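This is what each chain is made of:
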Amino acid sequence: MQLNKIHLYVGAVLLLLVLLTAALVFRAHRPGAAPAAKPAAPPVGLNKPRALAFASNGDLVVVDSKNNRLQIRRPDGAVVRYIGDGQAGSGPGQFREPCGVAVDSDGDVFVADTFHTTQPAGGLPWGRVEKFDASFNFLGEADSAGAGSPGLFGPRSVAVDPQGRVWVSDTGNSRLLVYDNNLKFLRAIGRRGSKPLEFQEPFGLAVDSAGDVYVADRLNFRVQVISPAFKFLRQIKIDGWATDQINQEPYLAIDSAHHWLWVSDPTRNRILRYGLRGGDRKVVDRGWDGRTQVPFNLPTGVAVGPDSTLYVTDGGSGRVLTVHP
């Protein structure tokens, strides 16, 4: 008799478990039931990296453009951290397809957040420049909504001169904008055209030790050089850039030790090297991935290390490659 009661209890428990399981399965699969939302996993690796620069501690700051963040890595390639969660956003410290980055002498970091938001009329990219301290704490921004701001239309590059002034290529407006170190607007330079101090979609920027600013005036197929007093100095004709509107995104870097200007030529998968006054042209079409040398695949951003090693963001392969002097 006792054994039969035990059997009954066990049977009842098993039946209850079966009924509960069936109810859960029915609930999960009934029409119209939405599956439980899973948090989006952060992206892995680089997705169309663009500009890069050296932080004050020697780390590389890489603009991981299509992942809407910055990747901080050591020169040997080890990833240290990410700035931004990989999701496009317009809040402080967020990004929407950033393109440019520069670091000043205090270690502050400036980022061209190219597609920050869109203007109400026409849906055009309304950009901004964000400022971070050396620990990547958000400090402030300059955008089209700020008092006295002339507006930024898809800014692509940013550079800091020896006076601490922040230069921005206001690409869509075919001009340069200059701010002080706290991103207070100072002046605009240029307009659309092909004369000195006129531009056709200026892109990459670089500054030499004298404070002269080099501007990739891409659709005029030249680099214009501008003095710290905002005067035109000279131009260097670039015999490589195409008129491709999508992937022709040339960036610049200066090797002060050798007096070289490095110019990326993405659509032709090569890097060009010139003297700072033009001439001395050299073409490089391969870079090092560790101990392996590989052809470039959309080389875009360029930055010169302390030993004159050139670091190149290879946009097509999602890597950072090196060119040794």
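Our structure is the block above this text.
Rules and cut-offs
Residues numbered from 1 in each chain as written. Predicted model: local features only at pLDDT ≥ 70, side-chain atom pairs only at ≥ 80, totals over all residues. Heavy atoms only, no water. Salt bridge = Lys/Arg side-chain N within 4 Å of Asp/Glu carboxyl O. Buried < 20%, exposed > 50% of the residue type's maximum accessible area, 1.4 Å probe, protein only. Core = buried A, V, L, I, M, F, W, Y, C linked by side-chain atoms within 4.5 Å. Helix = DSSP H or I, 4+ residues; strand = E, 2+ residues; numbered from the N terminus. Contact = heavy atoms within 4.5 Å. 1 Å grid on protein atoms, 1.4 Å probe; cavity = no way out; pocket = protein on both sides within 12 Å on 5 of 7 lines; lining within 4 Å. Points joined across faces, edges and corners; volume = space filled by probe spheres on them. Nonpolar A, V, L, I, M, F, W, Y, C, P; charged D, E, K, R; others polar.

1. Section: the pattern of salt bridges
Close approach of charged atoms allows side chains with opposite charge to pair. Using the criterion set out here, one finds 17 salt bridges in the structure. Notably, a salt bridge pairs Arg 175 with Asp 170, separated by 2.7 Å at the nearest N-O pair. Grouping residues by exposure puts Arg 175 and Asp 170 together as buried. The residue Glu 198 makes a salt bridge to Arg 191 at a minimum N-O spacing of 3.0 Å. Taking relative accessible area as the criterion, Arg 191 reaches 56% and is therefore assigned exposed. Connected through shared salt-bridge partners, Arg 50, Lys 66, Glu 97 and Glu 249 make up one network.

2. Quick notes on the nonpolar core
Counting residues in hydrophobic clusters, the biggest one holds 46 residues, and the most contacted among them are Leu 70, Leu 261, Trp 262 and Leu 310. Ranked by residues supplied to this core, first place goes to strand E20 (residues 260–265) with four residues. Once residues lying within four places of it in the same chain are set aside, the contact partners of Leu 261 are Tyr 214, Val 223, Ile 236, Leu 252, Ala 253, Ile 254, Leu 272, Arg 273, Tyr 274, Gly 275 and Leu 276.

3. Considering the layout of surface pockets
Considering only enclosed or pocket space, the largest pocket measures out at about 890 Å³ in volume. In terms of lining residues, the largest pocket is bounded by 36 residues, among which Ala 53, Val 103, Val 160, Val 207 and Ile 254 are the most central. Elements represented by at least two residues in the lining of the largest pocket include exactly strand E1 (52–54), strand E5 (100–103), strand E9 (157–160), strand E15 (202–207), strand E19 (252–255) and strand E25 (299–304). Residue composition of the lining of the largest pocket, by class: 22 nonpolar, ten polar and four charged.

By themselves, these observations are geometric and do not establish any function.
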